[in-house]
Each structure stands twice: as structure tokens, then as C-alpha cells.
Amino acid sequence: MKLAAAILSILAPGAGAATVTEVAYADGNDGSSLFGYLATPDGATEDDPRPAIIILGDWGGVDESEKERAEMFTNDGNYVTMAAAVYNSEDGPNPESFEDRIALATKYRSDPELSKSRVDAALAVLRENP
């Protein structure tokens, strides 16, 4: 990952500081309340759209690690970056046990439409932002 970040830094010089905000959004398939982090380059406007990246949280949920990655990509590459929830929502607790996490991951892996709807919800947030 560090090598990829270094390559991005060389190929796409950064814009400077990113603004990172927590965003709440909904899954259009099952209506779950989701959350994530949106990092935007300073000075980004609708008249100057930026390329986008989606970082999908793992089965432990979107946390500080994904937030930091979003900020890194935005700072290093001038991207709008969304760290998005897939496996968890604000409607229920994050699974704590390994067995519960496997069950949750299996639910999404066995239902491609549900998985796609989580990514589509994150894309909708990106489309609403510069």
C-alpha cells in the first residue's frame, strides 16, 4: 500500500489539504442507514470536477483507518474520496465475534444485488459532491 501511495504521489502531485466529513446516506435496496467519510480537495467546485475513489470498509466497519486512507488519496492525488460502509450500518451493531463477521460477509457475498446497492449508495454521495 505504501508503494502505491508513493507512486500516486509522484504521478499526481497533491492539491494540499483535504476536508474530511462524516456523511450519512441510505442504501436504496434495503433502506439501511449508512455512514462513511468523504474527503474533498480544498478548492474543489462543481465547475471543476475531480476523479473519485471509493474505499470499501471491511467487515469491521468504516473506521479511522479508512478515514485516513481517504484523506491520503485526496491529499496525494487531488481526488474526491469516499470511505463507504458495506457490511455495517447505523441500524445495527457491528459484529464482534469472528463467527458473526463471517455470517455478515456471507450475507453480502451471496447477494450480489445487496452488495451492489451499497456501492451504488456510495456512488450517489460522490455524484452529489464536486
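Preceding block: the structure.
A brief look at the structure comes next. Treat the numbers as computed from the prediction; the structure is a model and nothing was measured.

**Brief notes about helix H4 (residues 112-127)**
The terminal C-alpha atoms of H4, which comprises 16 residues, lie 22 Å apart, in line with the 22 Å expected from a rise of 1.5 Å per residue. Looking at H4, one finds that the buried residues are Leu114, Ser117, Arg118, Ala121, Ala122, Val125 and Leu126.

**What to know about the nonpolar core**
Tyr25, Leu38 and Met82 are the most contacted members of the largest nonpolar core, which totals 22 residues. Of all the secondary structure elements, the ones that give two or more residues to this core are strand E1 (18-26), strand E2 (33-41), strand E3 (52-56), helix H2 (64-77), strand E4 (80-84) and H4. By residue number, the principal contributor to this core is E2, which donates five residues. Dropping the residues within four chain positions of it, Leu38 is found in contact with Thr19, Val20, Thr21, Val23, Val80, Thr81, Met82, Val125, Leu126 and Asn129. Counting residues in each nonpolar core, the second largest holds six residues, with Val86, Ala105, Tyr108 and Leu114 among its members.

**A short note on the packing of helix H3 (residues 98-109) against H4**
Following both chains from N to C, one finds H3 and H4 inclined at 95°, their axes separated by 6 Å at the closest point. Taken together, the axis directions place H3 and H4 in an arrangement best described as roughly perpendicular. Mapping the contact onto sequence places Lys107, Tyr108 and Arg109 in H3 and Pro112, Leu114, Ser115 and Arg118 in H4. Class assignment for the residues of the contact of H3 with H4 results in three nonpolar, one polar and three charged.

Criteria and thresholds
Residues numbered from 1 in each chain as written. Predicted model: local features only at pLDDT ≥ 70, side-chain atom pairs only at ≥ 80, totals over all residues. Heavy atoms only, no water. Helix = DSSP H or I, 4+ residues; strand = E, 2+ residues; numbered from the N terminus. Expected span 1.5 Å × (residues − 1). Buried < 20%, exposed > 50% of the residue type's maximum accessible area, 1.4 Å probe, protein only. Core = buried A, V, L, I, M, F, W, Y, C linked by side-chain atoms within 4.5 Å. Contact = heavy atoms within 4.5 Å. Axes fitted to C-alpha atoms, helices over the stretch in contact; angles between N-to-C directions. Parallel < 35°, antiparallel > 145°, perpendicular 65-115°, else oblique. Nonpolar A, V, L, I, M, F, W, Y, C, P; charged D, E, K, R; others polar.

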